[in-house]
Amino acid sequence: MNTTNLHETRHLWGVVLAGSLESLERRPTSRPGGLAPAAVSCPALFRQTLERATHLIPSERIVAVLARGHSAYYDTGLGSLTDIQRIVQPAYRGSAAETFLAVLKIAAADAEATVAIFPGGQLMDGEARFMSCVAKAVGAVRMRPELPIVIGVPPLGPDPTCAWIDPGLPIEGLEPYAVRAVRRFMPRPSPAEAAALWEGDGLVNTRVIVAKARALIALGARHLPDVLETFEPLGAAFGTPEEGLLCEAVYEQMPYASITHALFVRACEVGVLPVSHVRIRLDAAPPAQALAS
């Protein structure tokens, strides 16, 4: 089933989050079914995520969110992807600020924007399958524009260090897209809870989100009002010569917050789309992204 149409593609944007941009070398995994051990640097993982996004989204509508002091390091990761837009934050203030800075800027340029948000440090097998699932989520968002959708993957084992999702029934009207309700988000389950989820149909939260920009902004205003209010003075300055200086001033007051507190708190506000035959090394993400889970 072709889940995207020309209108959706024209308004589809990608956001790739670099997190704290702290250097992290990939370590071998001992999880059942884990990816084969190898050494992959942060720039390489970041570049892989950007390239993965271009399978679905035009590169000129992909936004890489960096932090000052590390942009030169990640230039290696961006490499020849010259059409990709870059946002460089004055400082890292958590996953909420980096996410909403990009989403607000995109919404100012395209009021009808649908955004696909990708953590920039994930190692993955089954990329084509995964991006096909992201495309399916885009179609579901077209049907239910108020509902953000997070991608969930089968667990590799009963790992309590992962952020888990307990999926519910299929959402009425979205059955062709296989989107399910969420019973519970469980960012830090106990070993017993993780074992129960593993034995049931629990999913691991990839933190890959597909949503209308305006729906994300509404969720942020409800659950992270301090972050959204701090960004308010910047709203009219996007794309103007004043944007850079005003962003500096805004970040001096920016609270440190996690996007988890807006998106993964109330199950009724988010749907989950399970994807099979994909393996993701979630702990390949930079430390700040792991904490944001």
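Rules and cut-offs
Residues numbered from 1 in each chain as written. Predicted model: local features only at pLDDT ≥ 70, side-chain atom pairs only at ≥ 80, totals over all residues. Heavy atoms only, no water. Core = buried A, V, L, I, M, F, W, Y, C linked by side-chain atoms within 4.5 Å. Buried < 20%, exposed > 50% of the residue type's maximum accessible area, 1.4 Å probe, protein only. Helix = DSSP H or I, 4+ residues; strand = E, 2+ residues; numbered from the N terminus. Pairing = 2+ DSSP bridges. Salt bridge = Lys/Arg side-chain N within 4 Å of Asp/Glu carboxyl O.

Visitor: What am I meant to see in the nonpolar core here?
Guide: One recurring pattern in soluble globular proteins: nonpolar side chains tend to sit buried together. Phe100, Leu216, Val227 and Phe231 are the most contacted members of the largest nonpolar core, which totals 46 residues. Counting residues per element, this core draws most heavily on helix H4 (residues 95–109), which supplies eight residues.

Visitor: What is the right way to look at unusual backbone geometry in this model?
Guide: Residues other than glycine predominantly adopt negative phi, and peptide bonds predominantly adopt the trans conformation. Of note in this structure, Ala178 is not a glycine but carries a positive phi near 65°. Its location among the elements puts Ala178 in the loop between strand E7 (164–170) and strand E8 (180–186). You will see that Arg207, though not glycine, has its phi angle at about 65°, which is positive. By secondary structure assignment, the location of Arg207 is in strand E9 (residues 203–212).

Visitor: For this particular structure, what's the right way to read the pairing of strand E2 (residues 62–67)?
Guide: Across the six residues that make up E2, a large majority, six, are buried. Covered by surrounding structure in E2 are Ile62, Ala64 and Leu66 together with Val63, Val65 and Ala67, the residues of both alternating faces. Here strand E1 (residues 12–17) pairs with E2 via four bridges, running parallel. In the sheet register, Val15 faces E2, and the bridge partner there is Val63. Sheet topology places E2 next to strand E3 (residues 85–89); five bridges connect them, and they run parallel. Note that in E3 the partner of Ala67 across the bridge is Gln89.

Visitor: Even after reading the chapter, I still don't get the pattern of salt bridges, so can you show me in this structure?
Guide: For side chains bearing opposite charge, pairing can occur when the charged atoms are close. Going through the model one piece at a time under the given rule, you end up with ten salt bridges. One salt bridge connects Glu127 with Arg52, and the closest N-O pair in it is separated by 3.1 Å. Of the two residues, Glu127 sits in helix H5 (residues 127–143) while Arg52 sits in helix H2 (residues 42–53), which places them 75 residues apart along the sequence. Judged by relative accessible area, Arg52 falls into the buried class, the value being 2%. Glu248 serves as the salt-bridge partner of Arg68, at 2.2 Å between the closest nitrogen and oxygen. Remark: Glu248 occurs in helix H9 (residues 243–252) and Arg68 occurs in the loop between E2 and helix H3 (71–78); sequence separation between them is 180 residues. Linked through salt bridges whose partners overlap, the residues forming this network are Asp166, Arg183 and Arg184.

These figures capture arrangement, not role.
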